[in-house]
Amino acid sequence: MVPNIAGNRAFICAGEPSGDEFARLIVRAYKAQRPELAFFGIAGDAAARAGMDVIMRYDEMMVFGMQSSVESIQRSLMAYRTIARLLYRERPDAFIGIAYPGVNLLLCRYARKLGCETYLFFPPQIWAWGGFRKYFIRKWVDRAVSVFPFEYEYYHRRKLPVVYLRHPQLESLSVYRREDRQ
């Protein structure tokens, strides 16, 4: 079950293909509980098919691996500025960042300043790298939403605002079985 969102308008930022797919699943889950909830923001075709109003496509702001680090930083900064302007103009009740931590964590900070509830689905893997981000999560995110039980425990032990959500693709992946095991 997805965390409850106050208000009727939620801005989603899914900055990559996997984020678009998860945005689709998230929008579907929320719409099943609250059909009046309007979703808009950055995503792609998958989220649009679920009923999200895509006002900017994620592929317009993606940073690709072979670019120089300076170029990557510039594109991320441009993406942040563009999305921040959209947030300022639209004034949603909630901001939902999906993965894309380099930009979405900063957007949570900005959305919070605008008075939005902030949710971060698939939060940064601070258990693997970037432990310093726990301070930003504590300060800028109302709820981090983890789909991995061990990650939920890790966040919870550090008193970070986290909820556990069963991985949305678990059902569809359960049809695959290893043949060398029983």
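Above this note sits the structure.
Trainee: It is not clear to me how the pattern of salt bridges should be interpreted in this structure. Could you clarify?
Mentor: Side-chain pairs of opposite charge can arise where the charged atoms are in close proximity. Under the defined criterion, the tally for this structure stands at seven salt bridges. Across the pair Arg34 and Glu36 runs a salt bridge, and its minimum N-O distance is 2.9 Å. By relative accessible area, which is 47% here, Glu36 ends up partly exposed. Of the charged contacts, one joins Asp59 and Arg57 as a salt bridge, the two residues approaching to 3.3 Å between their closest N and O atoms.

Trainee: Sorry, what's going on with helix 4 (residues 101–113) here?
Mentor: Residue pairs spaced three or four apart in an α-helix point in one direction, given the helix's 3.6 residues per turn. Relative to the 18 Å expected for 13 residues at 1.5 Å per residue, helix 4 spans 18 Å between its end C-alpha atoms, a close match to the ideal helical length. If you check which residues of helix 4 are buried, you get Val103, Asn104, Leu105, Leu107, Cys108 and Ala111. Structurally, helix 4 contributes buried residues whose contacts are with strand 1 (9–14), helix 3 (69–90), strand 4 (94–98), strand 5 (117–121) and helix 5 (133–140). Just beyond helix 4, the residue with positive phi is Gly115, at close to 95 degrees.

Trainee: Looking at this structure, I do not really get the sheet that holds strand 5. What am I missing?
Mentor: Backbone-to-backbone hydrogen bonds pair the strands of a sheet. The strands run either parallel or antiparallel. If you trace the seven strands from one edge of the open sheet to the other, you get 3-2-1-4-5-6-7, paired in parallel fashion. The open sheet has two free edges, formed respectively by strand 3 (53–57) and strand 7 (162–164), since each of these has just one partner strand. Going from strand to strand, the sheet's axes swing by 20 degrees on average, the running direction of each strand aside. Looking at chain direction, strand 4 and strand 5 are connected through five bridges and run parallel. In the strand pairing of strand 5, Ile96 is matched with Tyr119.

Thresholds applied
- Residues numbered from 1 in each chain as written.
- Predicted model: local features only at pLDDT ≥ 70, side-chain atom pairs only at ≥ 80, totals over all residues.
- Heavy atoms only, no water.
- Salt bridge = Lys/Arg side-chain N within 4 Å of Asp/Glu carboxyl O.
- Buried < 20%, exposed > 50% of the residue type's maximum accessible area, 1.4 Å probe, protein only.
- Helix = DSSP H or I, 4+ residues; strand = E, 2+ residues; numbered from the N terminus.
- Expected span 1.5 Å × (residues − 1).
- Contact = heavy atoms within 4.5 Å.
- Pairing = 2+ DSSP bridges.
- Axes fitted to C-alpha atoms, helices over the stretch in contact; angles between N-to-C directions.

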